[in-house]
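In case you want the letters, here they are:
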Amino acid sequence: MSGRLLRLVCTAAVAAGIVLAPLPAAAVPEPPAPDDRSVSELLTDLQRLYQEAEEATETYNATAEKLKEQRAEVRRLDGRLARARLSLHDSRGAAGRLARQQYQNSTDISPYVRLLLARDPQHALDQGHVIGQLARERAEAVGRLTGSEKKADGLARAARKALDRQLTLAVRQKKDRDGVRRKLDDVEELLASLTEEQLGAVAELERTDVEAAQEDLVTSGALGSGEDSGEPTRAADRAVRYAVQQLGKPYEWGAEGPEAYDCSGLTSQAWGHAGRPVPRTSQEQWARLPRVPLRELRPGDLVVYFPKATHVAMYLGGGQVVQAPRTGEKVKVSPLASHPILGAVRPDGAQDKDAR
């Protein structure tokens with residue numbers, strides 16, 4: 001039997017400890033009534049709650065990633081705005097200096113009359129040339145000043161909009177975080193309501209269901225000949241090695257390591273450490289990475305699960321994956337068919353010819 005039973009019992013014990021924490025003497029809670037649902041119904045409900053929690057987690061991850069990108073955009077625009085304002089200050093100073101120089105070198109007498117009255121006509125001609133040059137430089141400075149003002153105004157508006165988007169995403173992130181916590185509370189509430197016998201029966205049924213699904217997958221021919229389709233690329237090998245090194249670390253929603261991971265946190269970090277950054281969430285990994293048939297799976301490929309692509313694991317070979325499963329469990333090696341398979345993607349699919 002797998003260690004799932006022990007983990008479920010431990011999770012239930014933790015949840016029960018939370019529910020039965022010491023309360024004022026006047027508010028002693030009644031023991032929970034036994035759950036009379038069948039083992040199959042309990043397993044279905046528990047898996048549904050876990051899936052809902054993971055879906056909420058991936059939604060949170062997506063918002064967190066957008067917020068991270070938006071904060072970087074705000075910093076970038078703030079930097080450009082600061083440089084534009086400094087340039088504007090310099091342009092204003094240059095325009096002012098040229099204006100003063102032109103005023104000091106100008107006169108109400110026309111250049112023609114000055115030329116007639118001058119003791120040194122060449123000097124008058126030179127002085128007129130200087131005045132004209134100053135006028136042209138001043139016009140250019142005014143043009144630069146106008147351009148700098150427009151640029152600074154445009155960047156200021158862009159920076160304000162970017163900051164508004166950042167604030168909106170921060171509010172959404174808090175809402176998503178609260179949604180995950182509510183889903184996890186539902187899981188803990190169900191686990192806390194079960195007896196040890198029920199937990200054991202649910203764990204055993206889940207184990208046998210996974211074994212049956214794995215057997216069906218293998219015998220169906222969906223994995224081809226049953227042998228892996230070629231050797232992994234160097235990058236894929238590095239990603240696999242990184243993921244395997246995380247075995248035994250706890251699942252934590254929203255975590256990207258190095259102490260804990262959620263499902264897509266593990267896969268994105270593994271490929272990131274292999275020098276091939278991939279999207280943060282399982283939905284984006286499914287949507288944006290090259291897809292590969294199951295019969296062509298090789299180590300390092302990502303296997304995506306459930307209709308909404310809310311879970312992901314890394315293929316190890318031999319029909320096994322490494323995954324960060326769910327709350328209460330640790331990074332582990334599991335059968336490929338541990339969950340309903342949506343499909344598989346290959347992060348280095350576009351680099352195959354050059355990356356071996």
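1. Considerations on a positive patch on the surface
- A cluster of like positive charges, contributed by Arg-85, Arg-157, Arg-160, Lys-161 and Arg-165, occupies part of the molecular surface.
- Counting residues per element, the positive patch draws most heavily on helix α4 (residues 121-192), at 4 residues.
- Here Arg-85 is to be found in helix α2 (residues 39-104).

2. Some points on the side chain of Ser-282
- Take Ser-282: it is sitting in helix α8 (residues 282-288).
- Ser-282 gets classed as buried once you look at its relative accessible area, which sits at 0%.

3. Let's talk about the nonpolar core
- The biggest cluster of nonpolar side chains holds 31 residues, and the ones touching the most others in it are Trp-271, Leu-302 and Met-314.
- Elements supplying a minimum of two residues to this core: α2, α4, α6 (234-245), α7 (263-273), β2 (302-305) and β3 (311-317).
- Met-314 has contacts with Ala-239, Val-240, Ala-243, Thr-267, Ala-270, Trp-271, Gly-300, Asp-301, Leu-302, Gln-320, Val-321 and Val-322, leaving out every residue within four places of it along the chain.
- Formed by 14 residues, the second largest nonpolar core is a distinct cluster that contains Leu-217, Leu-294, Ala-313 and Tyr-315.

4. Some words on the sheet that holds β3
- If you walk across this open sheet you meet the 6 strands as β1-β6-β2-β3-β4-β5, and the pairing is antiparallel. Among the strands making up the open sheet, the edge pair consists of β1 (291-292) and β5 (332-335).
- In terms of strand pairing, β2 meets strand β6 (residues 341-345) through 4 bridges, oriented antiparallel. Bridging from a neighbouring strand, Val-303 pairs with Ala-344 of β6.
- In the packing of α7 onto the sheet, contacts are made with β2, β3 and β4 (320-323), and the angle to β3 comes to roughly 50°.

5. Brief notes about the pairing of β2
- Of the two faces of β2, both are covered, the one formed by Leu-302 and Val-304 as well as the one formed by Val-303 and Tyr-305.
- In terms of strand pairing, β2 meets β3 through 4 bridges, oriented antiparallel. By the bridge assignment, Leu-302 is partnered in β3 with Met-314.
- Between the antiparallel neighbours β2 and β3 lie 5 residues, among them Phe-306 with a positive phi of about 70°.

6. Thoughts on the confidence of the model for the protein
- In this model, the protein carries a mean pLDDT of 77, and residues with pLDDT of at least 70 account for 69%.
- Between the elements of the protein, mean pLDDT differs from a low of 38, seen in helix α1 (residues 4-19), to a high of 97, seen in β2.
- Note on residues 1-28: pLDDT under 50 across the span, and 32 contacts to partners over four residues away in sequence or across chains.
- Low pLDDT, under 50, characterises residues 352-356; the predicted model gives this stretch 10 contacts beyond four residues in sequence or across chains.

Cut-offs used in this document
Residues numbered from 1 in each chain as written. Predicted model: local features only at pLDDT ≥ 70, side-chain atom pairs only at ≥ 80, totals over all residues. Heavy atoms only, no water. Patch = residues over 30% accessible without salt bridge, like charges linked within 9 Å, V, L, I, M, F, W, Y side chains within 5 Å. Areas by Shrake-Rupley, 256 points an atom, 1.4 Å probe, with all protein chains shown as cover. Salt bridge = Lys/Arg side-chain N within 4 Å of Asp/Glu carboxyl O. Lys, Arg positive; Asp, Glu negative; His and termini not counted. Charge placed at Lys NZ, Arg CZ, Asp CG, Glu CD. Helix = DSSP H or I, 4+ residues; strand = E, 2+ residues; numbered from the N terminus. Buried < 20%, exposed > 50% of the residue type's maximum accessible area, 1.4 Å probe, protein only. Core = buried A, V, L, I, M, F, W, Y, C linked by side-chain atoms within 4.5 Å. Contact = heavy atoms within 4.5 Å. Pairing = 2+ DSSP bridges. Axes fitted to C-alpha atoms, helices over the stretch in contact; angles between N-to-C directions. pLDDT = per-residue confidence, 0-100.

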